[in-house]
Amino acid sequence: MNVYVESNFVLECALLQGQWRSCEHILVLCETGAVHLIVPAYCLIEPYETLIRRHKRRRNTKQEIDSELGQIARTEIYADRLGGFRDITELLIKSAEEEEERLHEVCSRLLGSAEAIPLDAPVLAKSAECRDRHDFSPQDSIVYASVLCHRAANPASRSCFINRDRRDFDDEDVVEELARYRCELLPDFDAGYRFLIDSAC
């Protein structure tokens, strides 16, 4: 079965958030050949932008907190109570570094086992059409257009599109359009993993 995923799948795995275990199980199914995982190439780039914004906020937060702690430390009665707070500010930077390492690892695994849909001229043209028709954000329109273009070129195989946020794609028109391409929308990674396991039984 063809299994389409998007940026949130990559981030869920890399950041160990929410439904990351189901994402990891789906990735393992791909690596063992049980399913054919397909990811728009854009979705291997967008997570880095998300991390860059997040890490910039953490650096700024650390600098602000360190500055305030420096001011507080000048007051003698507080100076010996600041050790734990300094550990927290160091965690802001350390966690950012570890997240980036995990993102590299997840993207490397995907590139080694999944199929990437190129961000080419047909996808960009379809993206503009999808943005107008469904009122998608530019990012969601690229993801959705990538899936539709790939389905149009591979109509025979059964497929599903698993994502995390119902607000992004869980719309009746989108569900019906995907169904015409023999693609089922599953807006939940846990439900997506259960669907794949049930389909294999």
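Keep in mind the model is a prediction, meaning the values are calculated, not measured. (Residues numbered from 1 in each chain as written. Predicted model: local features only at pLDDT ≥ 70, side-chain atom pairs only at ≥ 80, totals over all residues. Heavy atoms only, no water.)

(A) Region of the structure containing the state of the cysteines. Enumeration according to the criterion identifies zero disulfides in this entry. Just so you know, cysteine 30 is unpaired, no disulfide at all, and the nearest cysteine sulfur is the one on cysteine 13, 11 Å from it. Cysteine 107 forms no disulfide, and the closest cysteine sulfur to it belongs to cysteine 13, at a distance of 9.9 Å. Cysteine 107 gets classed as buried once you look at its relative accessible area, which sits at 6%. (Disulfide = S-S within 2.5 Å. Buried < 20%, exposed > 50% of the residue type's maximum accessible area, 1.4 Å probe, protein only.)

(B) The arrangement of the pattern of salt bridges in detail. By the definition in use, this model includes seven salt bridges. We note a salt bridge from glutamate 31 to arginine 109, for which the minimum N-O separation is 2.8 Å. Highlighted residues: glutamate 31 in helix α2 (residues 20–31) and arginine 109 in helix α5 (residues 83–113), separated in sequence by 78 residues. Two residues, arginine 54 and glutamate 99, come together in a salt bridge whose shortest N-O distance is 3.8 Å. Residue arginine 54 is located in helix α3 (residues 46–73), and its partner glutamate 99 is located in helix α5; the two are separated by 45 residues in the primary sequence. (Salt bridge = Lys/Arg side-chain N within 4 Å of Asp/Glu carboxyl O. Helix = DSSP H or I, 4+ residues; strand = E, 2+ residues; numbered from the N terminus.)

(C) Spotlight on helix α1 (residues 7–15). Most of α1 is tucked away: nine of the nine residues are buried. Considered for burial, the residues of α1 that qualify are Ser7, Asn8, Phe9, Val10, Leu11, Glu12, Cys13, Ala14 and Leu15.

(D) Layout of the layout of surface pockets. What the largest pocket holds in volume is close to 220 Å³. Taken together, 15 residues make up the lining of the largest pocket; nearest its centre are Ser7, Asn8, Glu46, Asp140 and Asp168. Those elements that place two or more of their residues in the lining of the largest pocket are α1, α3, α7 (138–153) and α8 (166–169). Among the residues forming the lining of the largest pocket, the class breakdown is three nonpolar, five polar and seven charged. (1 Å grid on protein atoms, 1.4 Å probe; cavity = no way out; pocket = protein on both sides within 12 Å on 5 of 7 lines; lining within 4 Å. Points joined across faces, edges and corners; volume = space filled by probe spheres on them. Nonpolar A, V, L, I, M, F, W, Y, C, P; charged D, E, K, R; others polar.)

(E) Structural view of the packing of aromatic side chains. A complete count under the given rule lists five aromatic pairs for this structure. Where phenylalanine 136 meets tyrosine 144, the ring centres are 5.3 Å apart and the plane angle is 75°; that geometry is what we call edge-to-face. Tyrosine 144 sits in the buried class, given a relative accessible area of 0%. Judged by centre distance (6.1 Å) and plane angle (25°), the rings of tyrosine 144 and phenylalanine 169 are stacked. Residue tyrosine 144 is located in helix α7, and its partner phenylalanine 169 is located in helix α8; the two are separated by 25 residues in the primary sequence. No difference in accessibility class separates tyrosine 144 from phenylalanine 169, as the two residues are buried. (Phe/Tyr/Trp six-rings, centres within 6.5 Å; stacked < 30°, edge-to-face > 60°.)

Purely geometric numbers; function is a separate question.
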